[in-house]
Amino acid sequence: MFNLTTFRELVIAALWTGLLAGLLLTAVQQIQVIPTLLQAEVYEDAVTVANAANSHDHQDWQPENGWERTFYTALANISLGVGFALLIGAIMCLRGRPSHWRMSLLWGLAGYLTFFVSPSLGLPPEVPGTEAAKLADRQSWWLITVLDTGLGLSLLAFAKTKTYKFFGAVLLVSPHLIGAPQPEVPGSAAPAELAQTFISAAFFANAVFWLAIGGLMGQFYKKDS
Amino acid sequence: MSSTPVLLNNTQIHTEVLKDKILPAMLAGMLGLALLYTAGFAEAAQVHNAAHDGRHSAGFPCH
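**Quick notes on the overall build of chain B**
Turning to step 1, where the next piece is worked out: Looking only at helices and strands, one finds two helices and zero strands in chain B.
Turning to step 2, where the next piece is worked out: In summary, chain B has a C-alpha radius of gyration of 22 Å against a globular reference of 11 Å for 63 residues, an excess of more than 25%.
Turning to step 3, where the next piece is worked out: The dimensions of chain B, computed from C-alpha atoms along their principal axes, are 70 × 20 × 15 Å.
Turning to step 4, where the next piece is worked out: Residue burial in chain B is summarised as follows: out of 63 residues, 37% are buried.

Written as structure tokens, this is what we have:
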């Protein structure tokens, strides 16, 4: 049997971290991310009415705009927060628990670079109604980029030899040299400025989210807590 | 009277590391991936619609 106490401490720390970071993200999203997204949806809906062959299937259940929609977004944010915190916690468990929350901000930064910045360089966060390549292709590129970036950063930070560090740098840049899958005909229902605002807002919101995950995980999962 | 030092052989140390670190970390990691998959990638329309804004904000490839 494995050490249940270690596992329980890790999971409880991740639950608190994900809950607080997810709620914080939900609040930060209300500043610019959500307003921009809702504005873009007005353009998307205008196109949908004109062209019935849209990928959005409005037959299925979806939360009502307002509190219901915010509630489900918060739930998604908290789930992502707990998921990311469990991954960071697993690495902390293997490499040694942090002695101070400030130290674990670095883990948050690494998570931000790995799961958000690097994939977003090729596939920037999109407002609804943006033309994009096939979903499966984008998901594959996203996953490969996240794995490459995570492994590349680990090698750069922890590898002992220059050869391994060099290999880490190659891993970091290779998905971007290959390039993300692009749509055959680029275009968006929403104006370009709106799409640009959404990208900056998402970069900011995710930075706050990840630093919160790193810092809180350091607080809740530090040595001898 | 000094306490008797506990001597562990290599196999015992490996078992300890496995039980105290590797297995809890692996299990937590798998739980984390399952959550991320559900919130970020699951295709079911209801899950997609509920998590829609969260996915767009996180930059996950969405529809």
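The discussion continues.
**Quick word on the overall build of chain A**
Turning to step 1, where the next piece is worked out: For chain A, the helix and strand inventory stands at seven helices and zero strands.
Turning to step 2, where the next piece is worked out: Along its sequence from the N terminus, chain A presents helices and strands in the succession α-α-α-α-α-α-α.
Turning to step 3, where the next piece is worked out: Overall, chain A is about 60 × 45 × 35 Å in size when its C-alpha atoms are taken along their principal axes.
Turning to step 4, where the next piece is worked out: Classification of the 225 residues of chain A by burial places 40% in the buried group.

**With respect to the interface of chain A and chain B**
Turning to step 1, where the next piece is worked out: The interface of chain A with chain B comprises 47 residues on the first partner and 30 residues on the second.
Turning to step 2, where the next piece is worked out: When residues of the side of chain A that touches chain B are traced back to their parent elements, those giving at least two are helix H1 (4-29), helix H2 (33-50), helix H3 (67-95), helix H4 (101-122), helix H5 (135-158) and helix H7 (192-220) of chain A.
Turning to step 3, where the next piece is worked out: Looking at the side of chain A that touches chain B element by element, the count peaks at 16 residues for H3 of chain A.

**Details of the packing of H3 of chain A against H7 of chain A**
Residues and elements named next belong to chain A.
Turning to step 1, where the next piece is worked out: The geometry of H3 relative to H7 is characterised by a closest axis approach of 10 Å and an angle of 55° between their N-to-C directions. Considered as vectors, H3 and H7 are oriented oblique to each other. The crossing of H3 and H7 is right-handed. Residues Gly81, Phe84, Ala85, Ile88 and Gly89 of H3 lie in contact with H7, whose contacting residues are Ile213, Gly214 and Met217.
Turning to step 2, where the next piece is worked out: Taken together, the residues of the contact of H3 with H7 break down into five nonpolar, three polar and no charged.

**With respect to the packing of helix H1 (residues 10-40) of chain B against helix H2 (residues 45-58) of chain B**
Residues and elements named next belong to chain B.
Turning to step 1, where the next piece is worked out: H2 packs onto H1 with a crossing angle of 100° between their chain directions and a minimal axis gap of 8 Å. By the angle between their directions, the pair H1 and H2 is classed as roughly perpendicular. Of H2, the residues touching H1 (which contributes Thr38, Ala39 and Gly40) are Val47, Ala51, Gly54, Arg55 and Ala58.
Turning to step 2, where the next piece is worked out: Of the residues contributing to the contact of H1 with H2, the split by class is four nonpolar, three polar and one charged.

**Section: H1 of chain A**
Turning to step 1, where the next piece is worked out: Compared with an ideal rise of 1.5 Å per residue, which puts 26 residues at 38 Å, H1 of chain A spans 36 Å between its outermost C-alpha atoms and is within 8% of the ideal.
Turning to step 2, where the next piece is worked out: Among the residues of H1 of chain A, Phe7, Leu10, Ala13, Ala14, Thr17, Gly18, Ala21, Gly22, Leu25, Thr26, Val28 and Gln29 of chain A are the ones counted as buried.
Turning to step 3, where the next piece is worked out: Against the buried residues of H1 of chain A lie H2, H3 and H7 of chain A together with H1 and H2 of chain B.

**Concerning the nonpolar core**
Turning to step 1, where the next piece is worked out: Counting residues in each nonpolar core, the largest one holds 54 residues, and the members touching the most others are Ala85, Leu86, Ile88, Ile213 and Met217 of chain A together with Ala28 of chain B.
Turning to step 2, where the next piece is worked out: Mapped onto this core, the elements with two or more residues apiece are H1, H2, H3, H4 and H7 of chain A together with H1 and H2 of chain B.
Turning to step 3, where the next piece is worked out: Counting residues per element, this core draws most heavily on H3 of chain A, which supplies 13 residues.
Turning to step 4, where the next piece is worked out: Once residues lying within four places of it in the same chain are set aside, the contact partners of alanine 85 of chain A are Ala14, Thr17, Gly18, Ile213 and Met217 of chain A.

Calculation notes
Residues numbered from 1 in each chain as written. Chains lettered and ligands numbered in written order. Predicted model: local features only at pLDDT ≥ 70, side-chain atom pairs only at ≥ 80, totals over all residues. Helix = DSSP H or I, 4+ residues; strand = E, 2+ residues; numbered from the N terminus. Rg over C-alpha atoms; globule rule 2.2 N^0.38 Å. Buried ≥ 20, exposed ≤ 12 C-beta atoms within 10 Å, placed from the backbone. Contact = placed C-beta atoms within 7 Å. Axes fitted to C-alpha atoms, helices over the stretch in contact; angles between N-to-C directions. Parallel < 35°, antiparallel > 145°, perpendicular 65-115°, else oblique. Left-handed = near helix turned anticlockwise from the far one by under 90°. Nonpolar A, V, L, I, M, F, W, Y, C, P; charged D, E, K, R; others polar. Expected span 1.5 Å × (residues − 1). Core = buried A, V, L, I, M, F, W, Y, C linked by C-beta atoms within 7 Å.

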